Amino acid sequence: MNNEMDTIVYRLGATCGIEDVEEGKTYEARVQGFANFGTFVLLNDRVKGLVHKSNQKLSHRERDPIVVRVLSIRKNGNIDLEEVTPAIYHTQTVVRKTPAVRLSDLASKIGRTVMVEGEVAQIKQTSGPTIFTIVDETGTENAAAFIEAGVRAYPEVVVGDMVGILGEVMQRNNQLQIEVASLAVLSPDEADTVRERINRALDDRAEPEEIPFLVESEVLEKLRPELRKIAKIIRKAVFTAQPIVLRHHADADGISAAVAVETAVIALIRESGADFDAENYLFKRAPSKAPFYEIEDVTRDLDFATKDSVRFGQKMPLILMMDNGSTEEDEPSYRMARVYDLSIVVVDHHHPDASVDQFLEAHVNPYHAGGDFGITAGMLGTELARFIFPEVEERIRHIPAVAAVGDRSEAPERNRYLALVADTCSEEHCKEIALALDYEQFWLRFNDGREIVRDILNLNRNPERHARLVALLVREANLAIEEQLRASMPHVQEQLLQNGARLFSLDVEIYAHRFTFPPPGKTSGEVHDRLCRRHAGSAVVTLGVGPDFAVIRSRGVLLNIPRMVRELREEIDGGGVNGGGHLVVGSIKFVEGMRDTVIARLIEKIGEYPLEHR
Ligand code: MN
């Protein structure tokens, strides 16, 4: 007889089968039920044995723990057990002898019964079976479990559990699926081992390829590690079936950036084997009117995410901010997102405030690398998209050129990206696309207009429709701009500032059509462009003034709009001043009753900034 301290009692792993049980060994088990001749016990959810009444020591109730020794395993699979009652023992978990099948290998196993292991990424109750989306290091597949139509199978399983599933591999509507025979949550030990294995492999798989940028750029090279980091986070989200919400500024640059990434993410979702509908619930692109994450936007995102989590058993999303997200103004929304532990990553070219970084997992911004807003979000987005899914390059390589002209980049990269596509997409056509995007987004409001926007950017492989649509939108946009300027230009007032700049102001509330294209910001920009042409060689600042806001456009003055906003906020008591944007292009808000005070002080400040040496 052994010393009792040496007694080992085995614990059968959740995915083990009868082939993992050995005669003579002792196991922890659970009482399942009673018969005249003895007690049925479960060694795990799949393996059952019988303790004949002559071999029982204690009396039990259903679900009681019981320790048993295996007397024999019969050819027909019946297991004979005897109850044992060691006073002291230690336990050891039995690991499956035959390794689990990897999800990427299921296609070669149709019609066969397999064991798979992985993380539950989503649980969706249909009117028929319960669908568990399982992720391992090689892919994503669905497992269907059925107890009764519309009734949740395995209610104890939650999103994030590591499970072992035994089932038959089927093909339905061209889609692989496992028909669940048994599904068990792995024990903490087993789960740790499997999770570690999957994470390590996923980490490798998510690592982006090392590829050169489309153009030469010192700033981009410095941003490479952070761009790759964001690409990896996005790839990992796709591989683990975590939804992605892409929030972007609703202008030509922001849309370009977002659509480039959208194209890559959807291609990656399709390739990674998720079901055909996955791209609709795993990726959402949402334009934001303001160049920052408004409370209204984060509230909407959280509302959807929490409901999807409850209703469809989805993970909480990764938030990707593009062409916004870098400034203090984003922080109230970030604080809100933090309550729900959302991960946020930012790709922006607005002048960044360092205080946002405490909320972000990663942050690409040309100002971090000695660059400026001339490296547009659309350039960054296109390079990011290539890291996410390199094969999309051919389709999106004109996007940085569109973004460059849309945001009036003056960086050297502008002409390099334009030259890259000069044979297929002229500078003139890039400008038309940018204008068409701005015009169409005005009418789309908060909608992403996914397919229309793809037609405008010529991503739908229908060049004829692209050409007709862009031509039409450009004509309509130009007519609307003409009409607006005919009304506005005569009301522009000029004054000379002490620094020698010419300041033009226009009341866009009373001298422009409202609630139509172009909106006040764009109207001010168009007015500014005309004034710049009319006063070539001069420093020009244009103010589009509304009842409680002003839009600032400038040329030739070294402004710092975020700083002016901060100063006005401190200096004007009761002005309610806030706002921001780029250094020389931006907007400012205030309370209506303080408009004259704020504008007068703003103009004074503009007159204090030095002129650019031209
Ligand atoms: Mn931009």
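Note that this is a predicted model, so its numbers are computed, not measured.

The secondary structure content of the protein amounts to 16 helices and 23 strands. Computed over the C-alpha atoms, the radius of gyration of the protein is 32 Å, more than 25% above the 25 Å expected from 2.2 N^0.38 for a compact globule of 614 residues. Dimensions of the protein, computed from the C-alpha atoms along their principal axes, are close to 105 × 55 × 45 Å. Within the protein, the proportion of its 614 residues that are buried is 55%. When contacts within the protein are restricted to residue pairs at least 6 apart in sequence, long-range pairs at least 24 apart make up 66% of them. Looking at the protein as shown, the accessible area adds up to about 27800 Å², and 49% of this sits on carbon and sulfur atoms. A distance of 3 Å separates the average location of the 73 positive side-chain charges in the protein from that of its 96 negative side-chain charges.

Of the protein atoms, only Asp253 (OD), Asp323 (OD), Asp323 (OD), His349 (NE2) and Asp407 (OD) coordinate the manganese ion, at distances of 2.1 to 2.7 Å. Read N to C, the donor residues that coordinate the manganese ion are spaced as D-x69-D-x25-H-x57-D. On the criterion of sequence distance, the pair formed by aspartate 323 in the loop between strand S15 (318-322) and helix H6 (331-339) and histidine 349 in the loop between strand S16 (343-347) and strand S17 (362-364) is long-range, its members being 26 residues apart. Here aspartate 323 falls in the buried class, since its relative accessible area comes to 1%. Classification of histidine 349 by relative accessible area gives buried; the value is 0%.

For the bond running from phenylalanine 517 to proline 518, omega is -5°, close enough to zero to count as cis. Its identity as a non-glycine residue notwithstanding, aspartate 341 has a phi of 55°, on the positive side. Its place among the elements puts aspartate 341 in the loop between H6 and S16.

According to the domain assignment, the protein consists of domain 1 (2-94), domain 2 (103-205), domain 3 (211-424) and domain 4 (492-608). The distance between the C-alpha centroids of domain 1 and domain 4 comes to 81 Å.

Here we come to the packing of aromatic side chains. Throughout the structure, instances matching the rule amount to 10 aromatic pairs. With a centroid separation of 6.0 Å and 45° between ring planes, the pair formed by tyrosine 10 and tyrosine 27 is classed as tilted. Placement of the pair is tyrosine 10 in strand S1 (residues 8-12) and tyrosine 27 in strand S2 (residues 26-35), with a sequence separation of 17 residues. Accessibility assignment for this pair places tyrosine 10 and tyrosine 27 in one class, buried. Their ring planes at 80° and their centres at 6.2 Å tell us that tyrosine 439 and tryptophan 443 sit as a pair that is edge-to-face. In this pair, tyrosine 439 and tryptophan 443 both sit in helix H11 (residues 427-444), 4 residues apart, roughly one turn of the helix. Of note, lysine 48 hangs over the ring of phenylalanine 40, and the distance from its end group to the ring centre comes to 5.2 Å.

Between its terminal C-alpha atoms helix H3 (residues 252-271) stretches 29 Å, which fits the 28 Å expected from 20 residues at 1.5 Å a residue. Most of H3 is tucked away: 18 of the 20 residues are buried.

This next bit is on the packing of helix H9 (residues 399-406) against H11. Contact pair H9 / H11: the axes reach a minimum separation of 8 Å and the direction vectors enclose 70°. What the angle tells us is that H9 and H11 run roughly perpendicular. Contact residues: Ala401, Val402, Val405 and Gly406 in H9; Glu427, Cys430, Lys431, Ile433, Ala434 and Leu437 in H11. Counted by class, the contact of H9 with H11 contains 7 nonpolar, 1 polar and 2 charged residues.

One can describe the packing of helix H1 (residues 188-206) onto helix H2 (residues 218-239) by two numbers: an axis separation of 9 Å at closest approach and a directional angle of 125°. If you check the angle between H1 and H2, you find them oblique. Judged by the sense of rotation from one axis to the other, the crossing of H1 with H2 is right-handed. Side by side, H1 and H2 meet where Asn199, Leu202, Asp203, Arg205 and Ala206 of the first sit next to Lys232, Arg235, Lys236 and Phe239 of the second. Of the residues that constitute the contact of H1 with H2, the class distribution is 3 nonpolar, 1 polar and 5 charged.

Its location among the elements puts isoleucine 481 in helix H13 (residues 463-488). The exposure class assigned to isoleucine 481 is buried, which follows from its relative accessible area of 3%. Along the primary structure isoleucine 481 and lysine 522 are separated by 41 residues, whereas in three dimensions their C-alpha atoms are 8.9 Å apart. Those residues in contact with isoleucine 481 that lie beyond four places of it in its chain are Leu435, Phe517, Pro518, Lys522 and Glu526.

This part is about the side chain of serine 256. Position of serine 256 relative to the elements: it lies in helix H3. In this structure serine 256 comes out as buried when scored by relative accessible area, which is 0%. There is a polar contact of 2.6 Å between the side chain of serine 256 and the backbone oxygen of alanine 252. Apart from residues no more than four positions distant in its own chain, serine 256 is found in contact with Gly378, Ile399, Val402, Ala403 and Leu437.

Moving on: the sheet that holds strand S8 (residues 113-125). Judged by pairing direction, the barrel is mixed, and its 5 strands sit side by side in the order S8-S9-S10-S12-S11 before closing back on the first. Strand-to-strand twist in this sheet, taken as the mean axis angle between neighbours without regard to direction, amounts to 55°. Direction of pairing for strand S11 (residues 162-172) relative to strand S12 (residues 175-185): antiparallel, over a ladder of 10 bridges. Pairing of glutamine 171 across the sheet is with leucine 176, part of S12.

Quick notes on the rules
Here the residue numbers are simple positions, counted from 1 along each chain's written sequence. Local features in this predicted model are restricted to residues of pLDDT 70 or higher, and side-chain atom pairs are both shown and tallied only at a pLDDT of 80 or more, whereas totals for entire chains, interfaces and linings draw on every residue. Calculated side-chain values reflect all of the structure's heavy atoms, with hydrogen atoms and water omitted. For the purposes of this entry, the term helix denotes a DSSP run of H or I that reaches at least four residues, the term strand denotes a run of E that reaches at least two, and both are numbered from the N terminus. Values of the radius of gyration come from C-alpha atoms, whereas the globule rule sets the reference at 2.2 Å times the count of residues to the power 0.38. Residue exposure (1.4 Å probe, protein chains only): buried if accessible area is under 20% of the type maximum, exposed if over 50%, otherwise partly exposed. Here, residues are in contact when the closest pair of their heavy atoms is within 4.5 Å. In these tables, accessible area is a Shrake-Rupley quantity obtained with a 1.4 Å probe, and a residue counts as shielded only by the protein chains included in the view. Working convention for charge: Lys and Arg count positive, Asp and Glu count negative, and His plus the chain ends are omitted. Each charge is placed at NZ for Lys, CZ for Arg, CG for Asp and CD for Glu. Nitrogen, oxygen and sulfur within 2.8 Å of a metal are treated as its donors, or within 3.2 Å for sodium, potassium and calcium (Na, K, Ca); water is not counted, so a site can appear incomplete. An automatic or database domain assignment provides the domain bounds reported here. Paired rings are identified among Phe, Tyr and Trp, the last through its six-membered ring, by centres lying within 6.5 Å, and are further divided according to the angle between planes into stacked (under 30 degrees), edge-to-face (over 60) and tilted (the rest). Only when the NZ atom of a Lys or the CZ atom of an Arg is both within 6 Å of the ring centre and within 35 degrees of the ring normal do we say a charge sits over the ring. The length a helix should cover is 1.5 Å for every residue beyond the first. Axes here mean lines fitted to C-alpha atoms, for a helix over just the part in contact, with angles spanning 0 to 180 degrees between N-to-C directions. By the definition adopted for this analysis, an angle is roughly parallel if under 35 degrees, roughly antiparallel if over 145, roughly perpendicular if from 65 to 115, and oblique otherwise. Note on residue classes: Ala, Val, Leu, Ile, Met, Phe, Trp, Tyr, Cys and Pro are nonpolar, Asp, Glu, Lys and Arg are charged, and everything else, Gly too, is polar. Crossing handedness: left-handed means the near helix sits turned counterclockwise from the far one by under a right angle, and right-handed means the same turn made clockwise. Each polar contact in these results corresponds to two N or O atoms within 3.5 Å; when the atoms are within protein, one needs to be able to donate a hydrogen and the other to accept it, and residues that are neighboring in sequence are counted only if both atoms are side-chain atoms. A pair of strands is treated as paired once DSSP finds two or more bridges between them.

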